[in-house]
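Residue-level listing of the chains:
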Amino acid sequence: MQLINGGVCAAQGFTANGIHCGIRKNTTKADLALVYSEIPANAAAIYTTNLVKGAPLLVTKAHLANGKAQAVICNSGNANTCNADGIEIAEKMSQLTADQLGIAADDVVVASTGVIGQRLNVEPIAAGLPQLAAGLSAEGADAAAKAIMTTDTIDKKVAVEFELGGKVCRMGGMAKGSGMIHPNMATMLVFITTDAAISAPMIQKALRCDVQDTFNMTSVDGDTSTNDMVTLLANGLAGNAEITEEGEDFAAFMKALNTITMHLCRMIAGDGEGATRLIECMVTGAADMAVARTAAKSVICSSLVKAAMFGADANWGRILCAIGYSGADVDVTKVDVAFRSAKGEIPVCKDGAGIDFSEEIAKEILLEKEIEILVSLGDGDCAATAWGCDLTYDYVKINGDYRT
């Protein structure tokens, strides 16, 4: 297993592109992305748990009912959500894409991200698709990743190379996500491609298992989006024996998938709207996984913890507070807390009570870009990690006039 370049184009048979078609007023920002597999791929997806779902998710779910897809079309700048004609527009985007690529409309995954409740004009998409499709290339991962960004400050992509049954396989992913990010689905928009051969039911199983410890453990602001979706396309061009059940090959596939999703989670959390720090809460010593996950998520979701991290304030009491109201069955008299970064590690709490520590050293540790909050519950052997970011003045500025 090794990290490689290439993003969603790292795997054999996948090309991509991204352009500015005119959905967004800023002509310097791309707003339409396309990913294409030269042959139909087995596919699956996980969707937001929000009862309000964007029209593209509903259309994509119908298209993936047969477990097949060959292309992904995604626009930024408009979420196509809570619109009377949303389904019609999403279906039109699929058909326009299919016409350009010479494939079936049902084999198109469609996604949108941006402002909710504003009608999406399909005309710029129709006008831009010929250029978008003509520009598809194996070097198009960067352009595609940039075209799905909204308030993101960096494009998010990663790829790995691994082996299945003696065959070299590759997997790549891209994501957008900076705000309206909270556990309970996967999160934001994530598109993953691989040339490994694996059945659609096993892809769905892999995604369902993986998101519990990756995207469902990521939060920026406590708001679960209406358009969150993770999709995975596998075209099988690596030539390995198709994975149809659990076993050694499925475990190797899961490891590759987890590597991709963990990297994307860290990028998403670290690029939270207005964020200056990535916060990683690592909970150990839990009686079971549910307790570990619940405690870790509660810490990174706490507005008071997030604000303290922005101020580089070692206010560990807020961490215990978050664990205490999380609903996890925890004996608070056993809880230890420490902070760690590139500048070192400092214990601040032992057995649920404060201990002497240097505020100056703690502040130096917390001024780093990436902060680890280490929590030991002292009740068992289970562990979980959650990712979040600090809460800054800029978060309010960004979201105070996001629509206008």
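Residues numbered from 1 in each chain as written. Predicted model: local features only at pLDDT ≥ 70, side-chain atom pairs only at ≥ 80, totals over all residues. Heavy atoms only, no water.

Observations concerning the sheet that holds strand β14 (residues 370–376)
We apply this condition: Note on pairing: DSSP must find at least two bridges between two strands before they are called paired. In this text, helices come from DSSP runs of H or I with a minimum length of four residues, and strands from runs of E with a minimum of two, each type numbered from the N-terminal end. The contact criterion used throughout is that any non-hydrogen atoms of two residues lie within 4.5 Å. Helix axes are fitted to C-alpha atoms over the stretch in contact, other axes to C-alpha atoms as well, and angles between N-to-C directions run from 0 to 180 degrees.
Here six strands make up an open sheet; going across it, the order is β13-β12-β11-β14-β10-β15 and the pairing mixed. At either end of the open sheet lies a strand with only one pairing partner, and these are β13 (353–354) and β15 (382–389). Of the pairings in the sheet, the one linking strand β11 (residues 336–341) to β14 comprises five bridges and is antiparallel in character. Paired with A338 across the strands is L374, a residue of β14. Relative to the sheet, helix α7 (residues 289–301) contacts β10 (278–286), β14 and β15, its axis offset from that of β15 by approximately 20°. Packed on one face of the sheet, helix α10 (residues 359–366) meets β11, β12 (344–350) and β14 and runs near 120° to β12.

Concerning the confidence of the model for the protein
For clarity, the cut-off: Each residue carries a pLDDT value, the predictor's own confidence for that position, ranging from 0 to 100.
Predicted confidence across the protein gives a mean pLDDT of 92, with 95% of residues reaching 70 or more. Every residue in residues 183–187 scores below 50 in pLDDT, and together they form 32 contacts with partners more than four places removed in sequence or on other chains.

Quick notes on the side chain of D85
As a reminder, the rule being used: For the purposes of these results, a polar contact is taken to be a pair of N or O atoms within 3.5 Å, where, inside protein, one atom must be able to donate a hydrogen and its partner to accept one; residues adjacent in sequence count only when each atom of the pair is a side-chain atom.
Tracing the sequence through the fold places D85 in the loop between β4 (68–78) and α2 (86–101). Only 2.8 Å separates the side chain of D85 from the side chain of R119, close enough to count as a polar contact.

Looking at the pairing of β4
Just so we agree on the cut-off: Under the scheme applied here, a residue whose accessible area is under 20% of the maximum for its type counts as buried, over 50% as exposed, and between as partly exposed, the area being computed with a 1.4 Å probe on protein chains only.
In terms of burial, β4 is largely enclosed, as nine of its 11 residues are buried. Here strand β3 (residues 32–47) pairs with β4 via seven bridges, running antiparallel. Paired with Y36 across the bridge in β4 is A71.

Some words on the nonpolar core
Under the convention used in this document: Buried Ala, Val, Leu, Ile, Met, Phe, Trp, Tyr and Cys residues form a nonpolar core when they are joined through side-chain atoms within 4.5 Å.
Core analysis: the biggest nonpolar cluster contains 75 residues, and F253, F339 and I373 have the highest contact counts within it. Sorting elements by how many residues they give to this core places helix α6 (residues 248–270) first, with 10 residues. Among residues more than four places away in sequence, those in contact with F253 are F162, L164, M171, T194, A196, I198, A206, L232 and I243. Core analysis: the next-biggest nonpolar cluster, separate from the first, contains 29 residues, A16, A43, A69 and M174 among them.

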